[in-house]
Amino acid sequence: MSDLKESLVMMREMAKSRIQMLQEGVTFHEESKKSYYLREYEAKLRELDIQIRRMSLKLVHSAN
């Protein structure tokens, strides 16, 4: 696994962990901030998933 992809996977796992903590209420933030951070982490998670998926694609050239 390339270093960049490995870093992205680690970032994705951290975002998942933070999302779970926020959903379970493990935070010092008030409700409005909690909702804001939850939305931000979910958006970042989607972005990381797309980047990881793009790095995982392998292009195959046809002989034609």
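Data block above holds the structure.
What you are looking at is a predicted structure, and each value in this text was computed from that prediction instead of being measured.

Draft legend 1. Structural view of the environment of histidine 61. Locating histidine 61 in the fold gives a position in the segment after helix H2 (31–56). The class for histidine 61 is exposed, based on a relative accessible area of 74%.

Draft legend 2. Here's a closer look at the environment of arginine 12. Position of arginine 12 relative to the elements: it lies in helix H1 (residues 3–24). Placed 22 residues apart in sequence, arginine 12 and lysine 34 show a C-alpha to C-alpha distance of 19 Å. The residues contacting arginine 12, other than those within four sequence positions of it, are Leu45, Leu48, Asp49 and Ile52. A distance of 3.3 Å separates the side chain of arginine 12 from the side chain of aspartate 49, its partner in a polar contact.

Draft legend 3. Expanded view of H1. The terminal C-alpha atoms of H1 lie 32 Å apart, and with 22 residues this matches the ideal 32 Å at 1.5 Å per residue to within 8%. The complete set of buried residues in H1 reads Leu8, Arg12, Ala15, Ile19 and Leu22. For H1, the buried positions fall inside an angular range of 95° around the axis, keeping them on one side. Across H1 from its buried face, at more than 90 degrees, point the exposed residues Asp3, Met10 and Glu24. Tucked into the core, H1 has its buried residues touching H2.

Conventions adopted
Residues numbered from 1 in each chain as written. Predicted model: local features only at pLDDT ≥ 70, side-chain atom pairs only at ≥ 80, totals over all residues. Heavy atoms only, no water. Helix = DSSP H or I, 4+ residues; strand = E, 2+ residues; numbered from the N terminus. Buried < 20%, exposed > 50% of the residue type's maximum accessible area, 1.4 Å probe, protein only. Contact = heavy atoms within 4.5 Å. Polar contact = N/O pair within 3.5 Å; in protein donor to acceptor, adjacent residues only side chain to side chain. Expected span 1.5 Å × (residues − 1). Arc of directions from axis to C-beta.

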